[in-house]
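As a plain string of letters, each chain reads:
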Amino acid sequence: MEIRNIAIIAHVDHGKTSLTDAILRQTGAADSEVSMDSNALEKERGITIYSKNAAVLYKGTKINIVDTPGHADFGSEVERVLRSIDSVLLVVDAGEGPMPQTRFVLKKSLELGLRPILVINKIDKPAVNLDHVYNEVFELFVELGATDEQLDFPVVYAIAKDGVAKRNIADTAHDIIPVLDVILEYVPVASKDSDKPFRAQPFSLAYDNFLGRFAIVRVYSGSVSVGDIVYVKKHSGQTTSHRVTKLFTFEGVVRKDAQIVEAGDIGIIAGLPDVYIGDTLVKSADEALLESITVDEPTIELIFLINDSPFAGREGKFVTSRQIRERLEKELEVNVGLKIDFDTQSADRFVVYGRGELHVAILLENMRREGYELQVSQPQVIIKEIDASMHEPFEEIIADVPEEFRGTVIEKLSSRRARLVHMEQKEGRSFMRFEGPSRGLFGYRNQFVIDTKGNGILASRVIGYRPHTGEIVHRKVGSMISGATGKTLAYALDNLQTRGTLYIRENTEVYEGMVIGNTAKGEQMTVNPIKGKHLTNMRAAAADDAINLTPPQIITIETGLEIMNKDEYLEVTPKSVRLRKKYLKETDRIKAKRENK
């Protein structure tokens, strides 16, 4: 049987998963209830977080499909996937055109010599300009150094959510079959070299409590069977041997037991406890290594600590440093974009390095849902010394906003050291491209939503390290800190909401040192949110008794990571997310401030 291997790449929300789901349904590989976004967080957020494998049969050919994340924070998922396939479906929104993540994933695929297939999706959007989008994509190919063959890319027009596609815009669309026909026509056959010695390379990892570590591999030549002895060759020069205990291939979105996995196929191998991304798997220790798979380095760091707040242990099942350490070690088994330093001065704290705030927020969200309780420090960008000077990660920032908000966005990003490099107007909207330091975006995304009244689109991608730009003032507001422990009262909050924005509702339990809001004047302020109204014999007008509380800004993990200060921790438990000061008592905070001067 012939095998074709493809990945679907695109920017966030351009329709990758919808396209994959349509292919699965119309080939009979899955029913309408099945989606590639199977993780609970993916369903809630509507984004792809983890790359996933599927396989369909069409005209006697097996097509392996890898669905990839669209957010830049999960770029490590994309990079390794591209090494395992032979072509990519580049999905572009017919209204938005190519966006930052489109550029990122396309650049990776062109560098690997892959020939992309362009799918212009959402052609049913009002006022789309298909010629303009095509020209933008073509210019992007040229800018990224595409070869003549890569520039001669086929185009398919689609409405993925409706499950229809067509080769020519004038055609009538009935189903998604034109996409499959283009795949058979343009994607190279992977099932060759079956008579050569076995060589495979893991591009993803998984973990099973009974079978241990899984290696998800592309078999480049030969075949492997259950019971075979396989050598794991690393680029460090180390070689180990193990017996294959279990094999799986993909059928639809589920894995299927197999006795053999042959050349060109994508399968899962169990029984290799020390295997890692980019290793070479062979049956003879004399075989040459395959080219290593490199993953971009993390750009931010923060500290994970045990929860020592007054409310510690109330909600979590796993609260000790040993339990948190074991969970982080398990995460390293499969999350290759993450790095963790366990050798810190204290056994209660671990330094975690990630690809961005969302990357870390997803890990924290998964941990809290599993019953873990912990605290984290403010994220900091990773500073490097290059040519005897300090360098920091920079990002390309794309802002697509209504024209009336253009000035506000330029002003806010400029104050965060971002530089406007391109701007164009189109149909009442301004499309702007900035370049600025990653730390300038900390705390800005929520402000962007407010500034554009929810009508703007903001996207970014890391473009490398550049000279440090100096200090950036993120917050022009101060912290409103509880000076007492107890339940908040509406009477007290009614007075406090005039001083800034609250993060809590009435009847919420708070403790001394917990951050319950911000102050508009930018000054840190300790308040009493549990203070009640004194009862007297004096009568008051009815209007004096009316309390009208403004809905608070509820802290989530992502907003907490964005708005927290250096002297604060984000407390994450299964049911609560709280901001708190590192030093809970005001006397301790004053003392620490004096010592740091």
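Parameters at a glance
Residues numbered from 1 in each chain as written. Predicted model: local features only at pLDDT ≥ 70, side-chain atom pairs only at ≥ 80, totals over all residues. Heavy atoms only, no water. Helix = DSSP H or I, 4+ residues; strand = E, 2+ residues; numbered from the N terminus. Rg over C-alpha atoms; globule rule 2.2 N^0.38 Å. Buried < 20%, exposed > 50% of the residue type's maximum accessible area, 1.4 Å probe, protein only. Contact = heavy atoms within 4.5 Å. Areas by Shrake-Rupley, 256 points an atom, 1.4 Å probe, with all protein chains shown as cover. Lys, Arg positive; Asp, Glu negative; His and termini not counted. Charge placed at Lys NZ, Arg CZ, Asp CG, Glu CD. Phe/Tyr/Trp six-rings, centres within 6.5 Å; stacked < 30°, edge-to-face > 60°. Pairing = 2+ DSSP bridges. Axes fitted to C-alpha atoms, helices over the stretch in contact; angles between N-to-C directions. Salt bridge = Lys/Arg side-chain N within 4 Å of Asp/Glu carboxyl O. Patch = residues over 30% accessible without salt bridge, like charges linked within 9 Å, V, L, I, M, F, W, Y side chains within 5 Å. Parallel < 35°, antiparallel > 145°, perpendicular 65-115°, else oblique. Left-handed = near helix turned anticlockwise from the far one by under 90°. Nonpolar A, V, L, I, M, F, W, Y, C, P; charged D, E, K, R; others polar. Core = buried A, V, L, I, M, F, W, Y, C linked by side-chain atoms within 4.5 Å.

Caption draft 1: Seen up close, the overall build of the protein chain. In terms of helices and strands, the protein chain carries 15 helices and 35 strands. Scaling as 2.2 N^0.38, a compact globule of 597 residues should have a C-alpha radius of gyration of about 25 Å, and the protein chain matches this with 27 Å. Taken over the C-alpha atoms alone, the protein chain extends approximately 95 × 55 × 55 Å along its principal axes. Burial analysis of the protein chain (597 residues in total) assigns 52% to the buried set. Of the contacts made within the protein chain by residues no fewer than 6 positions apart, 72% connect residues no fewer than 24 positions apart. Element-wise, carbon and sulfur atoms account for 47% of the exposed surface of the protein chain, whose accessible area totals about 27100 Å². Side chains of the protein chain carry 77 positive and 87 negative charges; the gap between the two charge centres is 5 Å.

Caption draft 2: Quick look at the packing of aromatic side chains. Evaluation of the coordinates by the stated rule reveals nine aromatic pairs. Judged by centre distance (6.4 Å) and plane angle (25°), the rings of Tyr 134 and Phe 138 are stacked. Here Tyr 134 and its partner Phe 138 are both found in helix H5 (residues 130–143), four residues apart, which amounts to about one turn of the helix. Among the residues examined, Phe 138 registers a relative accessible area of 31% and is labelled partly exposed. Consider the rings of Phe 318 and Tyr 372, whose centres lie 4.7 Å apart with planes at 35°: the pair is tilted. You can see Phe 318 sitting in the loop between strand S18 (300–306) and helix H8 (321–332) and its partner Tyr 372 sitting in the loop between helix H9 (357–369) and strand S21 (374–377), a full 54 residues away along the chain.

Caption draft 3: View of the sheet that holds strand S14 (residues 254–258). On the basis of which strands lie adjacent, the open sheet formed by eight strands has the order S12-S11-S17-S8-S9-S16-S13-S14 and antiparallel pairing. Strand pairing shows two members of the sheet lacking a second neighbour, strand S12 (239–243) and S14, which therefore form its edges. Averaged over all adjacent pairs, the angle separating strand axes in this sheet is 40°, with direction ignored. Examined bridge by bridge, strand S8 (residues 199–208) and strand S17 (residues 280–282) share two bridges and lie antiparallel to one another. Among the inter-strand pairings, Ala 200 is bridged to a residue of S17, identified as Leu 281.

Caption draft 4: Region of interest: the pattern of salt bridges. Within this structure, the stated rule accounts for 36 salt bridges. With a closest N to O distance of 2.6 Å, Lys 107 and Glu 111 form a salt bridge. Pair noted here: Lys 107 and Glu 111 are both in helix H4 (residues 100–111), with a separation of four residues, about one helical turn. The class for Lys 107 is partly exposed, based on a relative accessible area of 37%. The class of Glu 111 is exposed, set by a relative accessible area of 53%. A salt bridge links Lys 161 to Asp 124; the shortest N-O distance between them is 3.4 Å. Residue Lys 161 is located in the loop between strand S6 (155–159) and strand S7 (164–166), and its partner Asp 124 is located in the loop between strand S5 (117–121) and H5; the two are separated by 37 residues in the primary sequence. Classification of Lys 161 by relative accessible area gives exposed; the value is 60%. Since its relative accessible area comes to 38%, Asp 124 is described here as partly exposed.

Caption draft 5: A look at a nonpolar patch on the surface. A contiguous nonpolar patch, built from Leu 489, Tyr 491 and Ile 547 and spanning about 230 Å² of accessible area, is present on the exposed surface. For Ile 547, the location among the structural elements is in the loop between helix H13 (542–545) and helix H14 (557–563).

Caption draft 6: View of the packing of H8 against H9. Contact geometry of H8 with H9 gives a least axis separation of 12 Å together with a crossing angle of 125°. Taken together, the axes of H8 and H9 are oblique relative to one another. Regarding H8 and H9, the two cross each other, and that crossing is right-handed. Taken together, the residues of H9 that come into contact with H8 (itself represented by Ile 324, Arg 327, Leu 328 and Glu 331) are Leu 363, Asn 366 and Met 367. A breakdown of the residues in the contact of H8 with H9 according to their chemical character gives four nonpolar, one polar and two charged.

Caption draft 7: Highlighting the pairing of strand S9 (residues 212–221). Where burial is concerned, most of S9 is hidden: nine out of the 10 residues are buried. Two elements, S8 and S9, share nine bridges in a ladder whose sense is antiparallel. Across the sheet, the residue bridging to Arg 199 is Ser 221, located in S9. Remark: three residues form the turn of the hairpin made by S8 and S9, two consecutive strands paired antiparallel. Looking at chain direction, S9 and strand S16 (residues 266–270) are connected through five bridges and run antiparallel. Pairing of Ile 216 across the sheet is with Ile 268, part of S16.

Caption draft 8: Main features of the nonpolar core. In this structure, Ile 120, Phe 141 and Leu 281 are the most contacted members of the largest nonpolar core, which totals 59 residues. Discounting residues that sit within four places of it in the chain, Ile 120 has contacts with Val 92, Ala 94, Leu 130, Val 133, Val 155, Val 156, Tyr 157 and Ala 158.

Caption draft 9: Here's a closer look at the packing of helix H10 (residues 406–415) against helix H11 (residues 444–451). At a minimum axis separation of 10 Å, H10 and H11 run at an interaxial angle of 160°. Compared by their axis directions, H10 and H11 come out roughly antiparallel. Classified by chirality, the crossing of H11 by H10 is right-handed. Facing Thr 408, Val 409, Lys 412 and Leu 413 of H10, the residues of H11 in contact are Tyr 444, Gln 447, Phe 448 and Asp 451. When the residues that make up the contact of H10 with H11 are grouped by side-chain class, the tally is four nonpolar, two polar and two charged.

Caption draft 10: Region of the structure containing the sheet that holds strand S4 (residues 87–93). The strand order across the open sheet built from seven strands is S2-S3-S1-S4-S5-S6-S7, with neighbouring strands paired in mixed fashion. One side of each edge strand has no neighbouring strand; the edge strands of this open sheet are strand S2 (52–58) and S7. Within this sheet the neighbouring strands show an average axis-to-axis angle of 25°, counted without direction. Pairing between S4 and S5: five bridges, direction parallel. Across the sheet, residue Leu 89 finds its bridge partner in S5, namely Ile 117.

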